[in-house]
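# Structure at a glance
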Amino acid sequence: MHANGRLTGVMAAALRGLACIAMTVAALACAGTPQRIVSLAPHATELLFAAGAGDRVVAVSESCDFPEAARRLPKVSGYRGTNVEAVIALKPDLVVAWPSGNRAADLDALRRLGIRVYDSELDTLAGIAAEVRRFSEWAGSEQSRRHALQQADEATAQLASL
């Protein structure tokens with residue numbers, strides 16, 4: 001803090017960033033369980049299926065090839081970008097995006113059009129387990145959710161033992 005009590009620019013920016021994250025999490029929680037999910041990232045597609053929410057995935061990116069069920073879904077994104085019109089036509093209530101792998105302009109366009117976009121950016125092993133837990137909240141059944149959480153806990157314990 002400066003002597004006059006104002007936050008420095010860096011601290012203020014950090015607080016704005018934390019507030020933005022908190023608002024995103026709160027918005028997702030308030031919006032309810034998504035019924036139609038578009039996944040724009042291979043890692044997110046695999047984790048959505050592993051978490052028991054695969055039955056809600058209605059489209060994926062060209063690079064999504066696992067599990068087998070993902071291969072049969074419409075492809076709406078690739079190295080050239082996301083086909084925003086195709087995504088809108090599917091009427092998703094959630095798009096799971098990969099900020100490092102998807103074009104920012106495409107994600108901004110989806111947001112401007114009122115589509116909920118969840119950013120999935122994994123950079124640690126613990127982050128993978130946390131994402132499975134988050135995605136399991138969107139699972140079709142409580143049994144699917146519990147199974148996914150158990151698998152995530154087991155995988156985390158195995159990794160911790162290495």
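For the structure itself, look to the data block above.
What comes next is a walk through the structure. Every value quoted in this text rests on a predicted model; they were computed, and no experiment measured them. (Residues numbered from 1 in each chain as written. Predicted model: local features only at pLDDT ≥ 70, side-chain atom pairs only at ≥ 80, totals over all residues. Heavy atoms only, no water.)

## Looking at the packing of helix α2 (residues 42-50) against helix α6 (residues 125-136)
Packing of α2 against α6 brings their axes to within 9 Å, and their N-to-C directions diverge by 55°. By the angle between their axes, α2 is oblique relative to α6. Like other packed secondary-structure pairs, α2 and α6 cross with a definite hand, here right-handed. For the pair α2 and α6, the contacting residues are Ala 44, Leu 47 and Leu 48 in the first and Ile 128, Glu 131, Val 132 and Phe 135 in the second. Residues that form the contact of α2 with α6 fall into these classes: 6 nonpolar, no polar and 1 charged. (Axes fitted to C-alpha atoms, helices over the stretch in contact; angles between N-to-C directions. Helix = DSSP H or I, 4+ residues; strand = E, 2+ residues; numbered from the N terminus. Parallel < 35°, antiparallel > 145°, perpendicular 65-115°, else oblique. Left-handed = near helix turned anticlockwise from the far one by under 90°. Contact = heavy atoms within 4.5 Å. Nonpolar A, V, L, I, M, F, W, Y, C, P; charged D, E, K, R; others polar.)

## Remarks on the pairing of strand β3 (residues 75-78)
Moving residue by residue along a regular strand, the side chains alternate between the two faces of the sheet. Pairing geometry for strand β2 (residues 57-61) and β3, over 2 bridges, is parallel. Each residue of the ladder has a partner; that of Val 60, found in β3, is Lys 75. The sheet contact formed by β3 and strand β4 (residues 81-82) spans 2 bridges and is antiparallel. Within β4, the position partnered with Gly 78 by the bridge is Gly 81. In textbook terms, the turn of a hairpin is the stretch between consecutive antiparallel strands, and for β3 and β4 this stretch comprises 2 residues. (Pairing = 2+ DSSP bridges.)

## Some remarks on helix α5 (residues 104-112)
Those residues of α5 that sit buried are Asp 106, Leu 107, Ala 109 and Leu 110. Around the axis of α5, the buried residues are gathered within 155° of arc, so they sit on the same side. Those residues of α5 that are exposed and angled more than 90 degrees off the buried face are Ala 104 and Arg 112. Against the buried residues of α5 lie β4, α4 (84-89), β5 (94-97) and β6 (117-119). Phi for Gly 114, located one or two positions after α5, is positive at around 90°. (Buried < 20%, exposed > 50% of the residue type's maximum accessible area, 1.4 Å probe, protein only. Arc of directions from axis to C-beta.)

## Focus on the nonpolar core
In terms of nonpolar packing, the biggest core is built from 19 residues, with Leu 48, Val 96, Phe 135 and Trp 138 touching the most fellow members. Taken together, the elements giving at least two residues each to this core come down to α2, β2, β5, α6 and α7 (142-160). One finds Val 38, Val 58, Ala 97 and Leu 107 within the second-largest nonpolar core, a separate group that totals 15 residues. (Core = buried A, V, L, I, M, F, W, Y, C linked by side-chain atoms within 4.5 Å.)

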